[in-house]
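Single-letter residue listing:
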Amino acid sequence: MKNKVFITRSILPAGIELLRSAGFEVSVNDLDRALSYEELKEKGHSADALITMLSDRIDEEFLTYNSHLKVISNYAVGTNNINITKAHELKIPIGNTPDVLTEATAEVALGLMISATRNFFSANACAQNGEWIDWHPTKHLGHGLRGKTLGIVGLGRIGMRLAEMCSSAFKMKIIYTANSDKINSMSATRVDLAELCTQSDFISLHTPLTDKTRNLIGKKELNAMKKSAVLINTSRGEIINQEDLFFALQEKNIFAAGLDVTTPEPLPVEHGLFKLKNVMILPHIGSATYEARNAMSILAAENIIAGINGSELKSWVDKKDLLP
Ligand code: DGY
């Protein structure tokens, strides 16, 4: 009998083709909406392996009900949607898609840095809604990037790539937090979070979401930042205390924020953050390039093939990988 693989959302076809040519029976949720938790649990029950999205809740109850699964391959680098401890206990290998989305996500972080500090979104809104009366000598002013200090919270793959981009293109000084010193070509120095907050002109978050990093950036950290600081988040919304961020932006305690991730996702349209002019919000598009999503499709499939065949996954999520 063929092994059954269920993919919880329709993904780019390369990985699906790979799975079919490996002899698996592949079915895809083609409803163009996320499945409910109950629907997902049942789909898991009749499959041998799953490709899951970062929005799928794979918790203890799900895993206990589906303890027969041979492998779960998350279509994301972040795996905070999965109870890794329980999966390991049940001996279900968990795969993810690092590296292939590094460039794409670093590009979004850089894009948000420039857009937020140069007021792209509010300036665009002004041009569109008839407020562009004439060329203005003092409106829409922002802070330039060249020679500024960039603080990377969690110098992993994506943070490192953003640091390289900013160091070479804008001659920025790089400081970072991490669990250990990271070898780098930018003379970047490791500091503690308090120092990073006070020293940085731009702060970009790249740490995985864990119990230790939830609400890592709150009132204390925001108050320590420069009034001209720009805060970027492309990791997970829960790393920032969003109420504290709202207050800091409203009171202009920091200059701006650029968020590719929020709590919750999607952020309800009536949320106060959408009413502020100094925050730019994207709907979690960090990895959304054709190149990255195609490579993610292939890597996710390779993880499934390895898991079903009982060999080591190309990218296996170990607990230590969750450290920045
Ligand atoms: C992921 O894959 O975890 C990231 O959120 C990409 O944006």
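Given the structure is predicted, the values throughout are model-derived calculations rather than measurements.

1. Structural notes on the site of the ligand
Every residue lining the ligand is accounted for by L54, A76, V77, G78, L101, T105, R236, H284, G286 and S287. Backbone polar atom of G78 to an oxygen atom of the ligand: 2.9 Å apart, as the coordinates give it. Contact between the ligand and R236: an oxygen atom at 2.7 Å from a side-chain N or O atom of the residue. Expressed as a share of its isolated accessible area of 230 Å², the protein-covered part of the ligand is 97%. Considering only residue class, the shell around the ligand consists of four nonpolar, five polar and one charged.

2. Points about the sheet that holds strand β12 (residues 279-281)
Spatially, seven strands are ordered β8-β7-β6-β9-β10-β11-β12 in an open sheet, and the strand pairing comes out parallel. Sheet topology places β8 (189-190) and β12 at the edges, where each strand pairs with a single neighbour. Sitting on the sheet, helix α7 (residues 157-170) touches β6 (149-153), β7 (173-177) and β9 (202-205), and the angle it makes with β6 is about 175°. In this fold helix α10 (residues 242-250) packs onto β10 (230-233), β11 (256-259) and β12, with an angle of close to 140° to the strand it touches most, β11.

3. Some remarks on empty space enclosed by the protein
Counting across every chain of the model gives one cavity of 30 Å³ or more. Here the largest cavity defines a volume of roughly 40 Å³. What lines the largest cavity is N233, G237, I240, Q242, L245, L259, V261 and T262. In terms of residue class, the lining of the largest cavity is made up of four nonpolar, four polar and no charged.

4. Focus: the environment of D30
By the secondary structure assignment, D30 is in the loop between β2 (25-28) and α2 (37-45). Along the chain, D30 and K70 lie 40 residues apart, while their C-alpha atoms are 23 Å from each other.

5. Let's talk about the state of the cysteines
For the structure on display, the rule yields zero disulfides. C166 forms no disulfide, and the closest cysteine sulfur to it belongs to C197, at a distance of 17 Å. In this structure C166 comes out as buried when scored by relative accessible area, which is 0%.

6. As for the pairing of β10
Neither face of β10 is left uncovered, since the one carrying V230 and I232 and the one carrying L231 and N233 both have all their residues buried. Direction of pairing for β9 relative to β10: parallel, over a ladder of four bridges. In the sheet register, S204 faces β10, and the bridge partner there is I232. Following the backbone out of β9, through helix α9 (residues 219-224) and into the adjacent parallel β10, one traces a crossover that is right-handed.

Reading guide: rules and limits
- Residues numbered from 1 in each chain as written.
- Predicted model: local features only at pLDDT ≥ 70, side-chain atom pairs only at ≥ 80, totals over all residues.
- Heavy atoms only, no water.
- Near = heavy atom within 4 Å.
- Polar contact = N/O pair within 3.5 Å; in protein donor to acceptor, adjacent residues only side chain to side chain.
- Areas by Shrake-Rupley, 256 points an atom, 1.4 Å probe, with all protein chains shown as cover.
- Nonpolar A, V, L, I, M, F, W, Y, C, P; charged D, E, K, R; others polar.
- Pairing = 2+ DSSP bridges.
- Helix = DSSP H or I, 4+ residues; strand = E, 2+ residues; numbered from the N terminus.
- Contact = heavy atoms within 4.5 Å.
- Axes fitted to C-alpha atoms, helices over the stretch in contact; angles between N-to-C directions.
- 1 Å grid on protein atoms, 1.4 Å probe; cavity = no way out; pocket = protein on both sides within 12 Å on 5 of 7 lines; lining within 4 Å.
- Points joined across faces, edges and corners; volume = space filled by probe spheres on them.
- Disulfide = S-S within 2.5 Å.
- Buried < 20%, exposed > 50% of the residue type's maximum accessible area, 1.4 Å probe, protein only.
- Right-handed = clockwise from strand over helix to strand, strands pointing away.

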